[in-house]
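Structure assessment
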Amino acid sequence: MRISFHARLAGLCLFSCLFTPVSGSAQTASPPPPPPVSVAKPVVRDVVDNDEFIGRFEPVDQVSVRSRVGGYLQEVHFKDGAVVKQGDLLFVIDQRPYITALNEAKATLEVANSSQTYAEAQFNRAQALSSNGSQSVSTLDDRRREWISAQANVRGAQASADRAELDLDYTTITAPLSGRIDRHLISVGNLIQADQSILTTIVSLDPIDFYFDVDERRLLNFAETARASGKALQEGGNGTEVIVKIGDSGQSSFKGRLNFAENRIDNESGTIRVRARFPNPDLILQPGLFGRIQVEASNTYKAVLIPDEAIGSSQNERVVFVVGPDGTVSAKAVRPGPRIYGYRVIRQGLDGSETIIVNGLMRARPGMKVTPQMTELPQSRTDAPPESAAAESAK
């Protein structure tokens, strides 16, 4: 079988193409450029450490409203759950028995006054007769005794009348303080036992107190900060300012001041209870509401601050990637502290002069080169992401 000239020519071309040597420039590929990363200098500024605790709001004053006299409840003069002012009328107990008792006491007082007047006249007459010898001394002594006894009867009758009038006043029950009132616990027509039956409760709302527990370790920091301000923690540390946030994330924070701490540490829990007081003119804060309070835990000091995103992990330690003048990356172990002004305080490992990677950590490794793109961190930021579990555990 003969192969045509054109077929042999195509085979020779194919063979030549397969075995043609490749030039040296095509064999060596150019290395990729160093990856770009965002770098910045840490923020260095004066800060005060804050500790955060969970606590509960409690009213400054609260009272269980009871009646001082017994009787049948006749009237209720408030709306359940309303805000009442001190002195507002709340309840009325049937007054008729007490009006009768007062009238009786007044009648007894009139009789006692009449007897006193008669006894006084008898004594004066006996005294005049005794002076000229027409009346015996023993008779004069009897008249004096009767007059003194009549005076005592008047005082007793007056006390009974005052008591009856006071009991009548107690049949109208008014608010002992201003605040939010609960529902009425006893309905009209029911019998009320004096000093026993709870009719309702009232809690004050403005101002309002916030109680939280501090452990022994952090208590020492608080006590030192309070002493530096000139007053003991038990006296409120000279009104140290605190901030509390409630569960509703849309609600702004509330500012108050410390004003009290218990005088001893609880033996069982190892904590001490501290109180802060908050103005509450809009009545937003309610007794029993939970909140997170931030308290100053140190005096002012110079701190190095970096974003949480700039902190990485290496085995069991936290690291920050530092970029040298030649673009080489190195890892520095750091000890993070609390978060302030949207940044993480670095307790140890940085002095603030380093250039650190703040964005692009996943593209960097110790020993490699990067292309740094310098940025400037603001003194504070509000767009910081929520704290991660790693950041929490680093505190």
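About the thresholds
Residues numbered from 1 in each chain as written. Predicted model: local features only at pLDDT ≥ 70, side-chain atom pairs only at ≥ 80, totals over all residues. Heavy atoms only, no water. Helix = DSSP H or I, 4+ residues; strand = E, 2+ residues; numbered from the N terminus. Buried < 20%, exposed > 50% of the residue type's maximum accessible area, 1.4 Å probe, protein only. Areas by Shrake-Rupley, 256 points an atom, 1.4 Å probe, with all protein chains shown as cover. Salt bridge = Lys/Arg side-chain N within 4 Å of Asp/Glu carboxyl O. Axes fitted to C-alpha atoms, helices over the stretch in contact; angles between N-to-C directions. Parallel < 35°, antiparallel > 145°, perpendicular 65-115°, else oblique. Left-handed = near helix turned anticlockwise from the far one by under 90°. Nonpolar A, V, L, I, M, F, W, Y, C, P; charged D, E, K, R; others polar. Core = buried A, V, L, I, M, F, W, Y, C linked by side-chain atoms within 4.5 Å. Contact = heavy atoms within 4.5 Å. Pairing = 2+ DSSP bridges. Expected span 1.5 Å × (residues − 1). 1 Å grid on protein atoms, 1.4 Å probe; cavity = no way out; pocket = protein on both sides within 12 Å on 5 of 7 lines; lining within 4 Å. Points joined across faces, edges and corners; volume = space filled by probe spheres on them. pLDDT = per-residue confidence, 0-100.

1. Topic: the overall build of the protein chain
Counting secondary structure elements, the protein chain contains six helices and 23 strands. Considering the protein chain as a whole, with its 395 residues, one finds that 35% of them fall into the buried category. For the protein chain, the accessible area works out to roughly 23700 Å², and carbon and sulfur atoms hold 51% of it.

2. Some words on the pattern of salt bridges
According to the stated counting rule, one finds 13 salt bridges in the structure shown. Among the ionic pairs, Arg277 bridges to Asp209, the shortest N-O distance being 2.7 Å. Of this pair, Arg277 sits in strand E15 (residues 271–278) while Asp209 sits in strand E12 (residues 208–215), and the two are 68 residues apart along the sequence. Put simply, Asp209, Arg275 and Arg277 are held in one network by salt bridges that share partners.

3. So, the packing of helix H3 (residues 96–131) against helix H4 (residues 137–170)
Packed helices, taken two at a time, are described by their axes: the angle between them and the distance between them. Taken N-terminus to C-terminus, the directions of H3 and H4 make an angle of 165°; their axes are 7 Å apart at the nearest point. Here H4 runs roughly antiparallel to H3, going by the angle between their axes. Relative to H4, the crossing made by H3 is left-handed. Residues of the contact of H3 with H4, tallied by class, amount to 18 nonpolar, eleven polar and seven charged.

4. Side note on the nonpolar core
Counting 26 residues, the largest nonpolar core has Val84, Leu90, Phe91, Ile173, Ile181, Leu199 and Ile202 as the members making the most contacts within it. For this core, the elements supplying multiple residues, two or more each, are strand E7 (89–93), H3, H4 and strand E11 (198–203). In this view, Ile202 contacts Asp61, Gln62, Val63, Val65, Val84, Leu90, Ala175, Pro176, Leu177, Gly179, Arg180 and Ile181; residues no more than four positions away in its chain are not counted. Formed by 22 residues, the second largest nonpolar core is a distinct cluster that contains Ile208, Phe210, Leu233 and Val242.

5. Section: the sheet that holds strand E14 (residues 254–261)
In space, the six strands of this closed barrel follow the order E3-E12-E15-E14-E13-E16, with antiparallel pairing throughout. Between one strand axis and the next, the sheet turns through 40° on average, direction left out of account. Relative to E14, strand E13 (residues 241–246) runs antiparallel, the two sharing four bridges. Residue pairing for E14: Val244 is matched across the bridge by Phe254.

6. Observations concerning H4
For H4, with 34 residues, the first-to-last C-alpha span of 50 Å sits near the 50 Å given by 1.5 Å per residue. Those residues of H4 hidden inside the fold are in contact with H3 and strand E8 (172–174).

7. What to know about the layout of surface pockets
Roughly 260 Å³ of internal volume is contained in the second largest pocket. Of all the secondary structure elements, the ones that give two or more residues to the lining of the second largest pocket are strand E4 (62–66) and E8. The greatest single-element share of the lining of the second largest pocket, amounting to four residues, is contributed by E4. Among the residues forming the lining of the second largest pocket, the class breakdown is six nonpolar, four polar and three charged.

8. Let's talk about the environment of Pro33
Position of Pro33 relative to the elements: it lies in the loop between helix H2 (24–27) and strand E1 (36–40). Separated by 338 residues in sequence, Pro33 and Thr371 have C-alpha atoms that sit 8.2 Å apart.

9. A closer look at the sheet that holds strand E6 (residues 83–84)
Reading across from one edge, E4-E11-E9-E6 is the order of the four strands in this open sheet, with antiparallel pairing throughout. Only two strands of the sheet have a single neighbouring strand rather than two, namely E4 and E6. As paired elements, strand E9 (residues 179–181) and E11 share two bridges and run antiparallel to each other. Bridging from a neighbouring strand, Arg180 pairs with Val203 of E11.

10. Points about the confidence of the model for the protein chain
Summarising the model, the protein chain shows a mean pLDDT of 82, and 84% of its residues fall at 70 or more. Of the regions scoring below 50 in pLDDT, residues 12–20 engages in zero contacts with residues more than four places distant in sequence or in other chains. Across residues 388–395, confidence stays below pLDDT 50; counting only partners more than four residues off in sequence or on other chains, it has eleven contacts.

11. Observations concerning H3
The end-to-end C-alpha distance of H3 is 53 Å, a good match for the 52 Å that 36 residues give at a rise of 1.5 Å each. Residues of H3 that are buried include every one of Tyr98, Leu102, Ala105, Leu109, Ala112, Ala119, Gln122, Phe123, Ala126 and Ser130, and no others. Summarising the contacts, the buried residues of H3 are in contact with H4.

12. Quick word on the environment of Arg143
Position of Arg143 relative to the elements: it lies in helix H4. Between the alpha carbons of Arg143 and Glu120 there is a distance of 8.1 Å; along the sequence they are 23 residues apart. What Arg143 contacts, discounting residues up to four positions off in sequence, is Ala119, Gln122, Phe123 and Ala126.

13. Quick notes on the pairing of E1
Across the five residues that make up E1, a large majority, four, are buried. Bridge count for E1 against strand E23 (residues 371–374) is four bridges, and the pairing is parallel. By the bridge assignment for E23, Ser38 is matched with Gln373. Inspection of the sheet shows E1 paired to strand E22 (residues 356–359) by three bridges, in the antiparallel sense. Directly across from Ala40, in E22, lies its bridge partner Ile356.

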